[in-house]
Amino acid sequence: MLVSHRATGASFVDLVSISKFVAGINIDLWIQKFYGSGFGINTNLDFSISNKFYLMAQVGYKTRGYVIGRTVDKGLAGFVGIRLLPCTIAI
């Protein structure tokens with residue numbers, strides 16, 4: 001049995017870039033058979049400690065519906081973490 005689901009989204013990665021700080025947003029829209037239509041919007045924040053090491057955070061809101069990595073219920077969600085970029089070896 002196939003479940004009807006339609007979704008789209010857009011990411012604006014470098015909306016604000018000031019020195020070591022970068023901010024962007026993600027917007028998602030969906031229509032789901034079990035949860036109806038909904039949306040989610042997140043703000044992404046990155047702060048560069050070095051050229052390979054970043055502190056990152058995401059905070060946002062979503063309506064009721066299934067989005068991977070999020071609760072089905074509506075509400076605020078977010079996380080804080082670190083990002084390490086791959087090392088490059090020059091020969």
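Check the entry above for the structure.
In short, a report on the structure. All of these numbers come straight from a predicted model, not from anything done at the bench.

## Quick notes on the pattern of salt bridges
As a working rule, side chains carrying opposite charge can pair if their charged atoms are close by.
Thought 1: Tallying each qualifying case throughout the model produces two salt bridges.
Thought 2: Residues Arg83 and Asp46 are paired through a salt bridge, measuring 2.6 Å at the closest nitrogen-oxygen approach. With Arg83 in strand S5 (residues 75-84) and Asp46 in strand S3 (residues 36-48), the pair connects residues that are 37 residues apart, well separated along the chain.
Thought 3: Residue Asp46 is classed as buried on the basis of its relative accessible area, which comes to 18%.
Thought 4: Between Arg64 and Asp73 there is a salt bridge, and its shortest N-O distance comes to 2.8 Å.
Thought 5: In this structure Arg64 comes out as partly exposed when scored by relative accessible area, which is 43%.
Thought 6: The partly exposed category is assigned to Asp73, whose relative accessible area is 43%.

## Observations concerning the side chain of Ser48
Thought 1: Among the structural elements, Ser48 can be located in strand S3.
Thought 2: The class for Ser48 is buried, based on a relative accessible area of 13%.
Thought 3: Within the structure, Ser48 has its side chain in polar contact with the backbone oxygen of Ser50 (distance 2.8 Å).
Thought 4: The residues contacting Ser48, other than those within four sequence positions of it, are Lys20, Phe53 and Tyr54.

Parameters and conventions
- Residues numbered from 1 in each chain as written.
- Predicted model: local features only at pLDDT ≥ 70, side-chain atom pairs only at ≥ 80, totals over all residues.
- Heavy atoms only, no water.
- Salt bridge = Lys/Arg side-chain N within 4 Å of Asp/Glu carboxyl O.
- Helix = DSSP H or I, 4+ residues; strand = E, 2+ residues; numbered from the N terminus.
- Buried < 20%, exposed > 50% of the residue type's maximum accessible area, 1.4 Å probe, protein only.
- Polar contact = N/O pair within 3.5 Å; in protein donor to acceptor, adjacent residues only side chain to side chain.
- Contact = heavy atoms within 4.5 Å.

The values reported here are purely geometric and, on their own, carry no functional implication.
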